[in-house]
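Each chain, written out:
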Amino acid sequence: MTGDGGIDILMITYDRPEYVRLSLPHLLRSCPADARVWLWHNGTDQPTLDAVEELRHHPRVHRFRHSPANAGLTEPTNWLWQSATGTYLSKVDDDCLPDPDWLRILRRAHRDVPEFGVIGTWRFPDEDVEEDLVAAKLADYPGGHRLFRNHWVQGSGYLLRRETLDQVGPLSGGETFTAWCLRAARLGWVNGWYHPFLPEDHMDDPRSPHTIYRTDADFMARRPLSARRTGVTTVAEWTAQMRHSARVVQAAPLDLREYQGWRLRRRNATRRIRLALTGRAPW
């Protein structure tokens, strides 16, 4: 599908060769002819770098950068956002496999609905979907499109309109993608997940058929940063965290006042207290 400035997609790779050997070929297969993949490799893990090197000269790979130090997410994201020329921008995590048709469907939705800002694929299993919560935030739009509205989506498997980035600006300092999406929502952009949901296989979820977390020992040996931050130490606890995250986004209010001022301070205080008392905090 052509007729616009194309799509620029970032993939950041880090210390997960098993995932990269699945996610990078999958992303390249799902790209239309006018898509450009930007690869950023963090760290010095040689097997992961080898997996990237095997495909870095693929015709869909536009640029490659290697940061021996782990540069995190902000610098690579702004690298794409400030240098890319596409009409649409995206990021796919190296532990994620979006629906093969995701780019065609999301781009068509953007073309038909000018107010869409960031719309995405859905990474939670069917068992996590609470139909009553979803129904409360579903909205219909021109062209037969439906969105499960939320003021933010996860930072993988999304499609972002260039005009939204031009208005909101790049990530600042330690700003999360969630906070950036909230800034976009405050400016009037409509965000959320396309519905019926376009699945994204999140391989770091222990319920994924492709996960590397089969035992608690596996998990502790390669525990993700978010698990370390929240005090999670077992596969069962990590799975519960995934379920909790699904409920948080489904139950999240659409009143933007809930994400600023005293309401935000109350939510953050509750999280800090829970972390201090239990060693864990919800996402």
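All values reported here derive from a predicted model rather than from experimental measurement. (Residues numbered from 1 in each chain as written. Predicted model: local features only at pLDDT ≥ 70, side-chain atom pairs only at ≥ 80, totals over all residues. Heavy atoms only, no water.)

Further remarks concern the nonpolar core. Nonpolar side chains in soluble globular proteins tend to be buried together. Counting 34 residues, the largest nonpolar core has Trp81, Val118, Trp122, Leu160, Phe177 and Trp180 as its most contacted members. Counting only elements with at least two residues in this core, the list comes to β1 (7-13), β2 (35-42), α3 (74-83), β9 (158-161), α6 (162-168), α7 (177-186) and α10 (235-251). Residue contributions to this core peak at five residues, all from α7. Leaving out residues up to four positions away in the same chain, Trp180 has contacts with Trp81, Val118, Leu160, Thr164, Leu165, Val168, Gly169, Pro170, Leu171 and Glu175. Val20, Ala35, Leu39 and Tyr141 belong to the second largest nonpolar core, which has 32 residues in total. (Core = buried A, V, L, I, M, F, W, Y, C linked by side-chain atoms within 4.5 Å. Buried < 20%, exposed > 50% of the residue type's maximum accessible area, 1.4 Å probe, protein only. Helix = DSSP H or I, 4+ residues; strand = E, 2+ residues; numbered from the N terminus. Contact = heavy atoms within 4.5 Å.)

We now examine α7. Within α7 the residues assigned to the buried category are Phe177, Trp180, Cys181, Leu182, Ala184 and Ala185. Against the buried residues of α7 lie α3, β6 (116-120), β9, α6 and β10 (190-195). At the C-terminal side of α7, Gly188 shows a positive phi close to 100°.

All right, on to the packing of aromatic side chains then. Per the stated rule, a full pass over the model turns up 15 aromatic pairs. With a centroid separation of 4.8 Å and an interplanar angle of 50°, the aromatic rings of Trp81 and Trp180 are classed as tilted. Here Trp81 is found in helix α3, whereas its partner Trp180 is found in helix α7, with 99 residues between them in sequence. An identical accessibility class is assigned to Trp81 and Trp180; each is buried. Summarising the aromatic geometry, the rings of Phe148 and Phe197 are spaced 5.9 Å apart at their centres and angled 85° between planes, so their arrangement reads as edge-to-face. Of the two residues, Phe148 is situated in strand β8 (residues 145-149) and Phe197 in the loop between β10 and β11 (200-202); the sequence distance between them amounts to 49 residues. Across this residue pair, the class does not change: Phe148 and Phe197 are buried. Among the aromatic residues, those joined into a ring-pair cluster are Trp122, Phe124, Phe148, Trp193 and Phe197. (Phe/Tyr/Trp six-rings, centres within 6.5 Å; stacked < 30°, edge-to-face > 60°.)

What sets the pattern is the α-helix's 3.6 residues per turn: residues three or four places apart point alike. Here helix α1 (residues 17-30) contains 14 residues, and its C-alpha end-to-end distance of 20 Å stays within 8% of the 20 Å for a straight helix at 1.5 Å per residue. Buried residues dominate α1, accounting for 10 of its 14 residues. Of all the residues in α1, the buried ones are Pro17, Tyr19, Val20, Ser23, Leu24, Pro25, His26, Leu27, Leu28 and Ser30. Buried positions along α1 lie against β1, β2, α2 (46-53), β3 (61-67), β5 (96-98) and α4 (102-112). (Expected span 1.5 Å × (residues − 1).)

For the rest of this paragraph, the subject is the pattern of salt bridges. In this structure the tally under the stated criterion is 20 salt bridges. Among the salt bridges present, the one from Glu127 reaches Arg243, with a minimum N-O distance of 3.3 Å. Taken together, the residues span a long stretch of sequence, with Glu127 in the loop between β6 and α5 (131-136) and Arg243 in helix α10 at a distance of 116 residues. The class of Arg243 is partly exposed, set by a relative accessible area of 41%. When salt bridges with common partners are traced through the structure, they connect Glu127, Asp128, Asp205, Arg207 and Arg243 into a single cluster. (Salt bridge = Lys/Arg side-chain N within 4 Å of Asp/Glu carboxyl O.)

This prediction gives the chain a mean pLDDT of 91; 91% of its residues lie at or above 70. Counted against residues more than four places away or in other chains, residues 269-283, with its pLDDT under 50, gives 27 contacts. (pLDDT = per-residue confidence, 0-100.)

According to UniProt, the positions carrying the feature "domain: Glycosyltransferase 2-like" (unreviewed entry) are residues 9-135. Secondary structure content for residues 9-135 is 38% helix and 25% strand, and the end C-alpha separation is 31 Å. (UniProt positions renumbered as here; feature names shortened; annotations may be inferred.)

The next subject is the environment of Gly155. Along the chain, Gly155 falls in the loop between β8 and β9. Classification of Gly155 by relative accessible area gives buried; the value is 19%. Gly155 sits 82 residues away from Leu73 along the chain, and the two C-alpha atoms are 9.7 Å apart. Here Gly155 is in contact with Lys91, Asp93 and Phe177, once residues within four sequence places are set aside.

According to the stated counting rule, one finds zero disulfides in the structure shown. Just so you know, Cys31 is unpaired, no disulfide at all, and the nearest cysteine sulfur is the one on Cys96, 15 Å from it. Looking at Cys181, it has no disulfide partner, and the nearest cysteine sulfur is the one in Cys96, 15 Å off. (Disulfide = S-S within 2.5 Å.)

With four bridges connecting them, strand β7 (residues 138-141) and β8 associate as antiparallel partners. In the sheet register, Tyr141 faces β8, and the bridge partner there is His145. What sits between the antiparallel neighbours β7 and β8 is a turn of three residues, in which Gly143 has the positive phi angle 85°. Pairing analysis gives four bridges linking β8 to β10, with the strands arranged antiparallel. Across the sheet, Phe148 pairs through a bridge with Trp193, a residue of β10. (Pairing = 2+ DSSP bridges.)

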